[in-house]
Every structure is written in C-alpha cells, then in structure tokens.
Amino acid sequence: MEAGGTKFVCAVGTGPDDIRARVRIPTTTPDETLASVVSFFRAQREAVSAVGIGAFGPLDLAPASPTFGFITSTPKPGWSQCDIAGRLRTALGARVTIDTDVNAAAIAEHRWGAARGAGTVLYMTIGTGIGGGVLVNGAPLHGMLHPEIGHMPVPQDRVADPYPGRCPYHGACLEGLASGPAVHERWGQPGETLPVDHAAWALEARYLALALASCIYTLSPERIVLGGGVMQQRGLFPLVRREVQALLNGYIRAASVETDIDGYIVAPGLGVDAGMLGALALAMDLTAS
Ligand code: ADP
Ligand code: ZN
C-alpha cells in the first residue's frame, strides 16, 4: 500500500510482473480511507499474508517506540498520530511493515528499476512536496527518525528570486522553493503549463542541483533517481545534470559524475508505480523473513 496525501494505491501480487489486483482510493479521513483499504484486501480471493506500507510522514519508524508505525506530526487534517500500521495489522490479521514512501520507492527502483546494481541510492520525489529516500548498501536509511531531504536549506539569491518560499516550518527550504506548488505560486501558473524555455526551469534546476550536490557530498550515492510530477517537465533532467556538474566543479572524481551523468541522475524505471512496488517489496521481504 502506497499511502499518499491525495491517494492511496493498494495492490496485491509478488512483483512488477505479477500484480493481481490494484485499487486507487482518495485520501480523506483515516477512518474512511482505511476502511476502503481493508475492504479491498479482504475482498481478495487469496488471503493477504503480509502488507508493506510506503507512507507520507513524518513517521515513527523506531521499532522500540510505543508509537512505532504511526504517522506523527503531519499537518494533514485528521492524520496526525494515526496508527496506520497497527490499524491494518488488527483489521487484516496480517504481518505489516512500514517505511517512508520515498524509502519504499528507492527499494523498488533498486530491486526492479533504474537503480539496479547500485547499493547506495538516493530517490527523490519532486511533486506536491519534496522527499528523499536513501538506501545504504541496499538497506533503507532510518537513523534517528528518517531522512527529511526535502527540508534541506538551500542558498537563495533573494535579488534574482524574491519568492519567500512556502514551507510552513522553514519558508525557503528546498521544498518551500522548488515543490510543484512553489513553482505554481512563484510564476502564477502550474508547472505543467509553463513552456520548456521558461526561466522557471533554470531556477528549478539550480535549487534541485544545490540539494543534490549536498546529498552527493554527504551520502556518496551510486545512483540518483528523480521522480514526481515536476520531473515530468521535459528538459529539466539535462538542466539538473549540467548544474550538478558545474556545482561539483571537478571535485568528485567519479566516472558517474564526470562522464556518465546521464546514467547517474535518472528518471524512475518504474514510473509512478515505484512507491506502490516498494511497498510490495517490503511485504515480500516480510514473507521471506
Ligand atoms: P504528489 O506529490 O501529490 O504525489 P505529483 O508527484 O504528481 O503529486 O506532483 C504534483 C505536482 O507536480 C503539482 O504541483 C504539479 O503542478 C506538478 N506537475 C505535474 N506535471 C508537471 C509537468 N509536466 N511539469 C511541471 N510540473 C508538473
Ligand atoms: Zn521545510
């Protein structure tokens, strides 16, 4: 189950080539949304043995915590302190595991998609929000909580770009400056209606590249996958790649960056299914353990 702010996508199967059923449920209240989820899984011919959840957050992923598997402090009405994993476990009598939507997407891209063969992976989504998932040697990074790459501070030239940013916590963090709604608000129209040669895209590429340079320096990812609605803008990938190379300025001596940047910063191989398939991968790992 991919639990998103606008929709939940639930599917049953064993991998990308074996999806036996799927459903898309609009995100409303937890009661209503989770009731639809439970009836979908209960309606399956074969009993569902394990459920993986890739969820929007922030999440409590500390196994020893009394609120493990909860969505914690989200501003999304009704969802704060929602025990999403526990409620499914109780209702379905199945094993349930949970990770962030972006860690799940990173897992799926690593197993089946554009990050195959790379042990240390950064997956970023640039959509309604910005989020990043990280795999270290194939395993999702949690650490203290879980990475919150979307809220990374990025340098802003307030003369060239006076837009104040829209993050409720930080104003002009990466998400505040470069999410889809930030593009919309800054330029007065949604990204999908801005022409390819609009100044919006060079600025967008600049912010994304600043964040990616920080991630490259701190995490040393072997591949970077960029998903989300904003990356549908054709022309953004080449701009981001060029800007990343310019920012690194020859310091990172690796072929991926120096000569194979097209194969280093890539689109998701699994398209919009990366999150759902990552949740499925989590469930498959539970059945194997
Ligand atoms: P969510 O983050 O809610 O899952 P998406 O990843 O689809 O949703 O992102 C939605 C955002 O992407 C919106 O802000 C929208 O304006 C923007 N967007 C969608 N298509 C494009 C496009 N072709 N070019 C630029 N921005 C786009
Ligand atoms: Zn922020």
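All values reported here derive from a predicted model rather than from experimental measurement.

Rules and cut-offs
- Residues numbered from 1 in each chain as written.
- Chains lettered and ligands numbered in written order.
- Predicted model: local features only at pLDDT ≥ 70, side-chain atom pairs only at ≥ 80, totals over all residues.
- Heavy atoms only, no water.
- Helix = DSSP H or I, 4+ residues; strand = E, 2+ residues; numbered from the N terminus.
- Buried < 20%, exposed > 50% of the residue type's maximum accessible area, 1.4 Å probe, protein only.
- Contact = heavy atoms within 4.5 Å.
- 1 Å grid on protein atoms, 1.4 Å probe; cavity = no way out; pocket = protein on both sides within 12 Å on 5 of 7 lines; lining within 4 Å.
- Points joined across faces, edges and corners; volume = space filled by probe spheres on them.
- Nonpolar A, V, L, I, M, F, W, Y, C, P; charged D, E, K, R; others polar.
- Axes fitted to C-alpha atoms, helices over the stretch in contact; angles between N-to-C directions.
- Parallel < 35°, antiparallel > 145°, perpendicular 65-115°, else oblique.

Below, the discussion takes up the side chain of His146. Tracing the backbone through its elements, the reader meets His146 in the loop between strand E8 (139-140) and helix H4 (174-178). Given the relative accessible area of 10%, His146 is considered buried. Excluding anything up to four places from it in sequence, His146 contacts Pro58, Leu59, Leu61 and Thr100.

Here we take up the layout of surface pockets. Quantified by volume, the second largest pocket comes out at close to 420 Å³. Along the wall of the second largest pocket there are 23 residues; nearest its centre are Val12, Gly13, Ala47, Val48 and Ser49. Put simply, the parts of the chain that give the lining of the second largest pocket at least two residues each are strand E2 (7-15), strand E3 (18-26), strand E4 (50-55) and helix H10 (274-288). When residues of the lining of the second largest pocket are assigned to their parent elements, the largest contribution, 6 residues, is made by H10. In terms of residue class, the lining of the second largest pocket is built from 14 nonpolar, 6 polar and 3 charged.

We now examine the packing of helix H3 (residues 101-112) against H10. Direction vectors running N to C along H3 and H10 enclose 80°, while the axes themselves pass 7 Å from each other. Taken together, the axes of H3 and H10 are roughly perpendicular relative to one another. Along its contact with H3, which presents Asp101, Ala104, Ala105, Ile107, Ala108, Glu109, Arg111 and Trp112, the element H10 presents Ala274, Gly275, Leu277, Gly278, Ala279, Ala281, Leu282 and Asp285. Of the residues belonging to the contact of H3 with H10, the class tally is 10 nonpolar, 2 polar and 4 charged.

Structural measurements only, silent on function.
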